[in-house]
Amino acid sequence: MDIQFDFKGAPVGGHIINYLLEKSRVVHQNHGERNFHIFYQLIEGGEEDLLRRLGLERNPQQYQYLVKGNCPKVSSINDRNDWKVVRKALTVIGFNEDEVEELLNIIASVLHLGNVQYGEEEGIAHIPADTQIKYLARLLGVSASVLTEALTHKKIIAKGEEDDTSKYYSVIGLLDIYGFEVFQNNSFEQFCINYCNEKLQQLFIELTLKSEQEEYEAEGITWEPVQYFNNKIICDLVEEKFKGIISILDEECLRPGDASDFTFLEKLEDTVGGHPHFVTHKLADAKTRKLMGREEFRLLHYAGEVNYNVNGFLDKNNDLLFRNLKEASSHLFPVAVFGEAATQFKASLAKLMEILMSKEPSYVRCIKPNDSKQAVRFDEVLIRHQVKYLGLMENLRVRRAGFAYRRRYEVFLQRYKSLCPDTWPNWQGKLSDGVSTLVKHLGYKPEEYKLGRSKIFIRFPKTLFATEDALEQRKHGLATKLQAGWRGYSQRSKYQKLRTAAIAIQAWWRGILARRRARRRREAANTIRRFIKGFIHRHRERCPENEYFLDYVRYSFLMKLQRNLPKNDKKDNYPQSVPKLFVNTRLNGEDLNPKVIQALGSEKMKYAVPVTKYDRKGYKARSRQLLLTSNSAIIVEDAKVKQRVDYAALKGISVSSLSDGLFVLHVPADDNKQKGDVILQSDHVIETLTKIAICADKINNININQGSIKFTLGQGKEGIIDFTPGSELIVAKAKNGHLSVTAPRLNSR
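Residues numbered from 1 in each chain as written. Predicted model: local features only at pLDDT ≥ 70, side-chain atom pairs only at ≥ 80, totals over all residues. Heavy atoms only, no water.

Enquirer: Provide a residue-level description of the overall build of the protein, including the pertinent values.
Expert: Each helix and strand in the protein was counted, giving 25 helices and 23 strands. Within the protein, buried positions represent 39% of all 749 residues. Here the analysis covers contacts within the protein between residues at least 6 apart in sequence; of these, 56% occur between residues at least 24 apart. With an accessible surface of roughly 45200 Å², the protein has 53% of that area assigned to carbon and sulfur atoms. (Helix = DSSP H or I, 4+ residues; strand = E, 2+ residues; numbered from the N terminus. Buried < 20%, exposed > 50% of the residue type's maximum accessible area, 1.4 Å probe, protein only. Contact = heavy atoms within 4.5 Å. Areas by Shrake-Rupley, 256 points an atom, 1.4 Å probe, with all protein chains shown as cover.)

Enquirer: Can you break down the nonpolar core residue by residue, with the values?
Expert: Phe191, Ile245, Phe264, Leu268, Phe297, Leu299 and Phe313 are the most contacted members of the largest nonpolar core, which totals 36 residues. Listed by contribution, the elements that provide at least two residues to this core are helix 8 (188-219), helix 9 (232-239), helix 10 (245-254), helix 11 (261-272), strand 7 (296-300), strand 8 (305-309), helix 13 (313-318) and helix 16 (345-357). Element by element, the count of residues in this core is highest for helix 8, at 8 residues. Listed in part, the 24 residues of the second largest apolar core include Tyr574, Ile635, Val645 and Val655. (Core = buried A, V, L, I, M, F, W, Y, C linked by side-chain atoms within 4.5 Å.)

Enquirer: Describe the pairing of strand 13 (residues 621-628), and please don't skip the residues or the numbers.
Expert: Within a regular strand, the side chains alternate between the two sheet faces. Bridging between strand 12 (residues 607-614) and strand 13 involves 8 bridges; their strand directions are antiparallel. Bridge pairing in strand 13 places Val609 opposite Leu626. Turn length for the strand 12-strand 13 hairpin, with the two strands adjacent in sequence and antiparallel, is 6 residues, and the turn residue Gly618 shows positive phi of about 90°. Relative to strand 14 (residues 632-637), strand 13 is paired through 4 bridges, and the arrangement is antiparallel. Each bridged residue has a counterpart across the sheet, and for Leu626 the counterpart in strand 14 is Ile635. (Pairing = 2+ DSSP bridges.)

Enquirer: Kindly report on the pairing of strand 14, identifying the contributing residues and their values.
Expert: Counting buried positions along strand 14 yields 5 of 6 residues, so the element is predominantly enclosed. Taken together, strand 13 and the strand that follows it, strand 14, pair antiparallel across an intervening segment of 3 residues. Relative to strand 15 (residues 640-646), strand 14 is paired through 6 bridges, and the arrangement is antiparallel. Looking across to strand 15, one finds that Val636 is bridged to Val641.

Enquirer: Which residues make up the sheet that holds strand 5 (residues 172-173), and what are the values?
Expert: Strand order in the open sheet formed by 3 strands is 2-1-5, with antiparallel pairing between adjacent strands. Single-partner strands in this sheet number two, and they are strand 2 (11-15) and strand 5.

Enquirer: Describe unusual backbone geometry, listing the residues and the values that go with them.
Expert: A positive phi angle is found at Asp638, which is not glycine, with a value near 55°. Position of Asp638 among the secondary structure elements: in the loop between strand 14 and strand 15. Classification of Asp638 by relative accessible area gives exposed; the value is 60%. Within the chain, Asp697 stands out as a residue other than glycine whose phi angle is a positive 60°.

Enquirer: With reference to specific residues and values, describe the packing of aromatic side chains.
Expert: Counting across every chain of the model gives 16 aromatic pairs. Between Phe535 and Phe549, the aromatic rings sit 6.0 Å apart at their centres with planes inclined by 75°, giving edge-to-face as the arrangement. Taken as a pair, Phe535 in helix 21 (residues 461-536) and Phe549 in helix 22 (residues 547-564) lie far apart in primary sequence, 14 residues in all. You can call Phe549 buried: its relative accessible area is 10%. In this structure an aromatic cluster arises from ring pairing among Phe188, Phe191, Phe264, Phe278, Phe297, Tyr308 and Phe313. Taking the ring centre of Tyr40 as reference, the NZ or CZ of Arg34 above it sits at 4.1 Å. A cation sits over an aromatic face here: Arg474 above Trp424, 5.9 Å from the ring centre. (Phe/Tyr/Trp six-rings, centres within 6.5 Å; stacked < 30°, edge-to-face > 60°. Lys NZ or Arg CZ within 6 Å of the ring centre and 35° of its normal.)

Enquirer: Kindly report on the state of the cysteines, identifying the contributing residues and their values.
Expert: Per the stated rule, a full pass over the model turns up 0 disulfides. For the unlinked cysteine Cys192, the closest cysteine sulfur is that of Cys196, found at 9.3 Å. On the basis of relative accessible area, Cys192 is assigned to the buried category, the value being 4%. Looking at Cys196, the relative accessible area reads 1%, which means it is buried. (Disulfide = S-S within 2.5 Å.)

Enquirer: Before we move on, could you go through helix 9 and cite the residues and values that matter?
Expert: Owing to its 3.6 residues per turn, the α-helix brings residues three or four apart onto one side. Among the residues of helix 9, Ile234, Cys235, Leu237, Val238 and Glu239 are the ones counted as buried. Those residues of helix 9 that are buried lie in contact with helix 8, helix 10, helix 11, strand 6 (278-280), strand 7 and helix 16.

Enquirer: Any chance you could break down the environment of Gly173 for me, citing the residues and the numbers?
Expert: Summarising the element assignment, Gly173 is placed in strand 5. You can call Gly173 exposed: its relative accessible area is 53%. The sequence separation of Gly173 and His15 amounts to 158 residues, and the corresponding C-alpha distance is 9.5 Å. The residues contacting Gly173, other than those within four sequence positions of it, are Met1 and Asp2.

Enquirer: Describe the packing of helix 10 against helix 11, naming the residues involved and giving the relevant values.
Expert: Following both chains from N to C, one finds helix 10 and helix 11 inclined at 140°, their axes separated by 10 Å at the closest point. Between helix 10 and helix 11, the angle is such that the two are oblique. Both helix 10 and helix 11 take part in a crossing whose hand is right-handed. Two secondary-structure elements touch here, helix 10 through Ile245, Ile248, Leu249, Glu251 and Glu252 and helix 11 through Thr263, Phe264, Lys267, Leu268, Thr271 and Val272. For the contact of helix 10 with helix 11, a count of residues per class yields 6 nonpolar, 2 polar and 3 charged. (Axes fitted to C-alpha atoms, helices over the stretch in contact; angles between N-to-C directions. Parallel < 35°, antiparallel > 145°, perpendicular 65-115°, else oblique. Left-handed = near helix turned anticlockwise from the far one by under 90°. Nonpolar A, V, L, I, M, F, W, Y, C, P; charged D, E, K, R; others polar.)

Enquirer: I'd like a description of the side chain of His277, backed by residues and values.
Expert: Mapped onto the secondary structure, His277 falls in the loop between helix 11 and strand 6. The contact partners of His277, leaving out residues within four places of it in the chain, are Phe229, Ile233, Ile234, Leu237, Arg298, Leu299 and Leu300.

Any functional reading would require information that these geometric values do not contain.
Structure (structure tokens):
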């Protein structure tokens, strides 16, 4: 893939060249392998309407091309989600709906093509059922008769009728190629793939040696020849003109007469039978014959031995189906998708080598961790096999045949300068002199290293390992010194900070004490002044001059009254309410819904407060508003009057002796307007009860209860509220059906 960039470095285009389409996987899969993922994604994730248009069923078992490997479903793969990702990706890269439709037509046509059944009449192939042909013709946009002709008859194309594709200039090229493949049954595709890997290995070794040699020359280091396995002999065996395996295969495909895969094998035995990297069952010794079939030949690749089965070599090399379908189809997409003939692979690979030789390539080797497609699982045997067949060890041997390690002077000196007293902590002279001084101190022998113009070259890994070991030991010594210095500095800094902080705290605390004394004196003087002024104006109406004096007198009177009340006739939070003045109302007109104000009519609202009402059944808490008028207490929910209790019908009010805010309004049981007693809770319970008692003239009807309160549910039924002291306020329905209230004690009794 060639990727084009604009002057800003943003990708603006690209060009893809197929060097070898893995077409064999479409028609055949090894056991445990699947076909291309897009087939399964389309069947599992495609919409019902889409599958109907394509003539597909949501069952991969119905298609011959999807069941060869006995693996239509994989637990670790979600085809439905992957289909969504693919559709989104097509939109992102600019495919419109019509282009996606044409692409899916081609994918579906491949599945239908796999289900086409062939018959024979008088030695001529024919297709007995035309159901699949009709689907194919509609999807590919061709005539059914022309398509049938293309599928059942061959056409010979003269050499030179096909032209080449255009080339594009690119800044960055990406080559995605299969790794070395060795299966139980290796065919024409594995032969091409492994031939490509032989060429890439040859290129890699050449470029590696070339870069090594160029670096040595640039640094003024004498180049020493490197011993390595040159796989040119294998590449020549495959690609040599007139005598190579590909040339023999092409010749056998084109010659008149009964050419077959077996005659091709015989031709190989006659032509390259004496080659040291080639062997067949006929040419092999007795031991090797047991491991080879009669229709196989073996190549000794750089990575190891591979047996190839010649069955299908001629047909796959001819690749006539593409040419026939190309003429039959009027669509642009099928021509682009089916690709080049396999016989042009050698030429395209030669062009690829030319491109790669002109670049500075970087390599990414992909290792397949396991055969079960599971994450975080590594098969050691499988990985070791791939490392061998990828030629990684051979590449490492070439890299390490000369000087195994090389670094620029500044990097080497910066890392290891602590190992020499003359270079630690800083070297002031030339970098080359500093490195020379350092290696002499370390005791490097002359044959172990070379000094270039800007780099040091170390021949043996053991020399570098010894240097690293010395650095690790040196780090411990340096760490001890740094720790000692840091501890001393840290303790001195800590002492100075503590001393400064202590002085600051002392000064700050003295200031606080002085300010407290001054404030207490001012507050005492103000209190005395306000008390005297209030005493002077005590007979006037309440005003700023006498309010402090009046509040103090009121508070003293109420507290004295509270101490003189009977023990069980006072509420626990009474002392806390004494200092707080009652307000006229807790809700103003703007806090009430206009419909509620309208419902009151001419009734004047004397007091309003937000409350919580507990249902008589289930005791569910609901937010309400309690309004007091001259004649009744009204309970409101938003804009709706939920209940009206006339003061004349109010039998009494019950409240507990604890600090909770619950109280019960008792009404007659035979009053049809009411549904039973009303259970309410207020955050200002003493103020609220006082207001109700005054408005209803029921001052003597407030009962302070110990332990529990009984109330009427309606229709003669009774309920009970149980009160218990605790650490926090909790209101909940108990298992016995009572309403349980736990309230904290604020005052000891």
